[in-house]
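Results of the structural survey
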Amino acid sequence: MAQVLDRSETLPDELVTFIAEQLDLRTGTLADYASREQTMTDHARALTATLGLRGAVRADIPFMIDAAAKAAWVTDKGLVIATGVIDTLREARILLPSLSTVERAGIAGRARARKQAAHALLSGFRPEQLGALDGLLIIEPTKGIIPPNWMRAIPTAVKPDHVRDILDRLR
C-alpha cells in the first residue's frame, strides 16, 4: 500500500478516505506514510514475521521449477503453470517473488515436464522402434517434407488421381 501511495501522485480522495477509515487513521497521516522509506521496510518486516511468512530467495528457485513442472505435466498453458507456482509458494508461506522470476521458473518447469513426457512416451520402445521413429523425421528428397507432414496432407476430394496418391502415401 505504501508503494502505491508513494508512486501515485493523485489517488482518488474516496480511496484514501476508505483506507484511512479501515486503519483508524486520519487521511493526512496515511498520505504521509510513504514519505520515509525505512518505515515501510520496518513495517513490512514486522508484518511478515507476525504472519509467519518469509521472502523468496534464490534457493527457492528449484522449488518453484518443481512446482511449475508438476503444473505443466497436465497442461502447456502459461497461466495455469504460473498459478501452480504461486499456489505452491503460498502453501509454503513464501512471499511472491517478482513476476519475471515466476515466469522464468514456469518456463523451466514446462521444459522439464516436456522432457519427462518424452521420456515417459519413449521409455518402453526397443532400439529398432526408436530408429524407425527417428526415420520419420528425415526429409524425403522427392517431396521436400518429412513423412508425417506428407501423410497429413492427404487430399480429400474423390478423384482417381487422388486415390492413387493416397495409396502411394499409405505404402
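Our structure is the block above this text.
These remarks concern the structure in this document. What you are looking at is a predicted structure, and each value in this text was computed from that prediction instead of being measured. (Residues numbered from 1 in each chain as written. Predicted model: local features only at pLDDT ≥ 70, side-chain atom pairs only at ≥ 80, totals over all residues. Heavy atoms only, no water.)

Helix length check: helix H4 (residues 37-51) (15 residues) gives 21 Å between terminal C-alpha atoms against 21 Å at 1.5 Å per residue, within 8%. Restricting attention to buried positions, one finds in H4 the residues Thr-39, Met-40 and Thr-48. Axial view of H4: buried residues confined to an arc of 160°, hence all on one face. In this structure, H4 carries Arg-45, Ala-49 and Thr-50 as exposed residues pointing more than 90 degrees from its buried face. The positive-phi residue at the C-terminal boundary of H4 is Gly-52, with phi of around 75°. (Helix = DSSP H or I, 4+ residues; strand = E, 2+ residues; numbered from the N terminus. Expected span 1.5 Å × (residues − 1). Buried < 20%, exposed > 50% of the residue type's maximum accessible area, 1.4 Å probe, protein only. Arc of directions from axis to C-beta.)

Scanning the entire structure with this criterion turns up 6 salt bridges. With a closest N to O distance of 2.8 Å, Arg-54 and Asp-60 form a salt bridge. Across the pair Asp-66 and Arg-112 runs a salt bridge, and its minimum N-O distance is 2.3 Å. A residue pair is termed long-range when its members are at least 10 positions apart, and Asp-66 in helix H5 (residues 61-72) and Arg-112 in helix H7 (residues 99-122) qualify at 46 residues. For Asp-66, a relative accessible area of 37% gives the class partly exposed. Within the structure, one salt-bridge network assembled from shared partners comprises Asp-76, Arg-110 and Arg-114. (Salt bridge = Lys/Arg side-chain N within 4 Å of Asp/Glu carboxyl O.)

As a packed pair, H5 and H7 sit with axes 7 Å apart at the nearest point and diverge in direction by 55°. Viewed along their axes, H5 and H7 adopt a mutual orientation that is oblique. Crossing handedness for the pair H5 and H7: right-handed. Judged by residue contacts, Met-64, Ile-65, Asp-66, Ala-68, Ala-69 and Ala-72 of H5 engage Thr-101, Ala-105, Gly-106, Ala-108, Gly-109, Arg-110, Arg-112 and Ala-113 from H7. (Axes fitted to C-alpha atoms, helices over the stretch in contact; angles between N-to-C directions. Parallel < 35°, antiparallel > 145°, perpendicular 65-115°, else oblique. Left-handed = near helix turned anticlockwise from the far one by under 90°. Contact = heavy atoms within 4.5 Å.)

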